[in-house]
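Descriptive analysis of the structure
Here are the chains, one letter per residue:
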Amino acid sequence: MKRIGILTSGGDAPGMNAAVRAVTRVAIANGLEVFGIRYGFAGLVAGDIFPLESEDVAHLINVSGTFLYSARYPEFAEEEGQLAGIEQLKKHGIDAVVVIGGDGSYHGALQLTRHGFNSIGLPGTIDNDIPYTDATIGYDTACMTAMDAIDKIRDTASSHHRVFIVNVMGRNCGDIAMRVGVACGADAIVIPEKPYDVEEIANRLKQAQESGKDHGLVVVAEGVMTADQFMAELKKYGDFDVRANVLGHMQRGGTPTVSDRVLASKLGSEAVHLLLEGKGGLAVGIENGKVTSHDILDLFDESHKGDYDLLKLNADLSR
Ligand code: F6P
């Protein structure tokens with residue numbers, strides 16, 4: 001193996017740049033040439049590929065987004081798209097690829113490996129919805145951003161004795177909602193993975209008001225319903241002064257936290273070492289503080305399990 005390619009795919013996540021930097025620097029230190037592929041698999045198929053030097057990834061560890069740009073490209077699920085991508089890899093003499101993205105991106109990495117181009121997947125998504133890793137690159141920063149925003153919402157909520165329903169991202173995963181909900185002292189956290197009872201939440205909010213609490217907060221994961229829809233549900237059970245807020249894409253921006261930068265650096269480095277060992281079709285993650293790798297196929301058979309004990313903890317704390 002002489003040349004590796006690197007791409008970022010799917011929704012961007014803070015720390016993706018730190019991962020690209022780590023892959024580039026470790027690969028160059030080990031005598032490899034590195035090529036950046038812009039716009040994920042779409043750019044691979046289009047041949048948007050350029051050489052990356054060590055200095056090209058300077059000043060990036062603290063920058064959010066992805067300087068390689070990203071795209072969602074379902075066409076790569078088809079054999080035709082894959083063969084077009086393979087042609088480009090051959091044309092540029094690239095032997096192996098590191099793919100940074102969510103689960104859709106892992107399918108692409110697996111297909112490249114199947115076609116003879118070893119590829120390693122790194123978990124780059126704010127959603128934290130990938131199995132066999134305790135955290136994905138970007139999750140910690142997204143939680144920080146959401147926590148910071150909700151702290152501000154709470155300031156105004158208290159001044160007006162209002163209840164706020166806040167939607168956080170996560171697609172079908174409630175991890176951001178649970179972690180941020182606990183960190184912000186939410187009265188209730190609602191996630192797609194577990195049942196919930198709006199009437200019970202309404203009663204809890206009323207009790208909190210009666211006992212003198214000057215604000216209410218319900219954190220609702222976007223995979224459940226919109227904040228507006230939840231607000232309408234809540235109003236069926238009480239005459240609340242309530243507002244709905246959607247935090248949205250701000251959760252994908254912002255300076256990557258120390259955890260995300262270090263995680264991205266560790267996982268990026270490991271991806272290159274696995275490729276140097278001639279391995280492909282693997283997903284790298286962090287489990288109990290150790291960097292691990294698993295067959296990508298195993299990830300498709302497994303679903304991510306969140307720390308659902310946080311729901312019980314929050315219920316105990318918000319009494
Ligand atoms: O996967 C990351 C994510 O931000 C999800 O949390 C969200 O549901 C989705 O992407 C939004 O996608 P888009 O940026 O395409 O609107």
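Higher on the page you've got the structure.
Residues numbered from 1 in each chain as written. Predicted model: local features only at pLDDT ≥ 70, side-chain atom pairs only at ≥ 80, totals over all residues. Heavy atoms only, no water.

**Let's talk about the pattern of salt bridges**
- Inspection of every chain in the model, using the stated rule, returns 15 salt bridges.
- The partner of Arg162 in a salt bridge is Asp241, with the nearest N and O atoms 3.3 Å apart. A residue pair is termed long-range when its members are at least 10 positions apart, and Arg162 in the loop between helix H5 (139-160) and strand S6 (163-168) and Asp241 in the loop between helix H8 (227-235) and strand S9 (242-246) qualify at 79 residues.
- Note that Glu200 is salt-bridged to Arg204, the shortest N-O span being 3.1 Å. Here Arg204 and Glu200 lie together in helix H7 (residues 198-210), a separation of four residues that amounts to about one turn. (Salt bridge = Lys/Arg side-chain N within 4 Å of Asp/Glu carboxyl O. Helix = DSSP H or I, 4+ residues; strand = E, 2+ residues; numbered from the N terminus.)

**As for the pairing of strand S2 (residues 33-37)**
- Taking burial as the measure, the five residues of S2 include four buried ones, the bulk of the element.
- In this structure, strand S1 (residues 3-8) lies alongside S2, joined through five bridges in parallel fashion. Residue pairing for S2: Arg3 is matched across the bridge by Glu33.
- Read as a crossover between parallel neighbours, the route from S1 over helix H1 (residues 16-29) to S2 is right-handed.
- Direction of pairing for S2 relative to strand S3 (residues 49-52): antiparallel, over a ladder of four bridges. Along S3, the bridge assignment pairs Phe35 with Pro51. (Buried < 20%, exposed > 50% of the residue type's maximum accessible area, 1.4 Å probe, protein only. Pairing = 2+ DSSP bridges. Right-handed = clockwise from strand over helix to strand, strands pointing away.)

**Overview of the pairing of strand S10 (residues 282-287)**
- Counting buried positions along S10 gives six out of six residues, so the element sits mostly inside the fold.
- Across the two faces of S10 the burial is the same, with Leu282, Val284 and Ile286 and Ala283, Gly285 and Glu287 all buried.
- Direction of pairing for strand S5 (residues 119-123) relative to S10: parallel, over a ladder of two bridges. Note that in S10 the partner of Ile120 across the bridge is Leu282.
- Counting the residues between successive antiparallel strands, the hairpin from S10 to strand S11 (residues 290-295) contains two residues, one of them, Asn288, with a positive phi of roughly 50 degrees.

**Some points on the packing of aromatic side chains**
- The tally for this structure, following the rule as stated, stands at three aromatic pairs.
- Their ring planes at 10 degrees and their centres at 5.0 Å tell us that Tyr39 and Tyr69 sit as a pair that is stacked. Of this pair, Tyr39 sits in the loop between S2 and helix H2 (40-46) while Tyr69 sits in the loop between S3 and helix H3 (79-91), and the two are 30 residues apart along the sequence.
- On the basis of relative accessible area, Tyr39 is assigned to the partly exposed category, the value being 36%.
- Of the residues examined, Tyr69 reaches a relative accessible area of 43% and is grouped as partly exposed.
- In this structure, Arg38 packs its charged tip against the face of Phe50, placed 4.0 Å from the ring centre. (Phe/Tyr/Trp six-rings, centres within 6.5 Å; stacked < 30°, edge-to-face > 60°. Lys NZ or Arg CZ within 6 Å of the ring centre and 35° of its normal.)

**Some thoughts on the site of the ligand**
- Around the ligand sit Arg72, Thr125, Ile126, Asp127, Met169, Gly170, Arg171, Glu222, His249 and Arg252, and those are all the residues in its vicinity.
- Arg171 has a polar side-chain atom sitting 3.3 Å from an oxygen atom of the ligand.
- Within the side chain of His249, an N or O atom sits 2.9 Å from an oxygen atom of the ligand.
- Bound to the protein, the ligand loses 74% of the 400 Å² it would expose on its own.
- Class assignment for the residues of the shell around the ligand results in two nonpolar, three polar and five charged. (Near = heavy atom within 4 Å. Polar contact = N/O pair within 3.5 Å; in protein donor to acceptor, adjacent residues only side chain to side chain. Areas by Shrake-Rupley, 256 points an atom, 1.4 Å probe, with all protein chains shown as cover. Nonpolar A, V, L, I, M, F, W, Y, C, P; charged D, E, K, R; others polar.)

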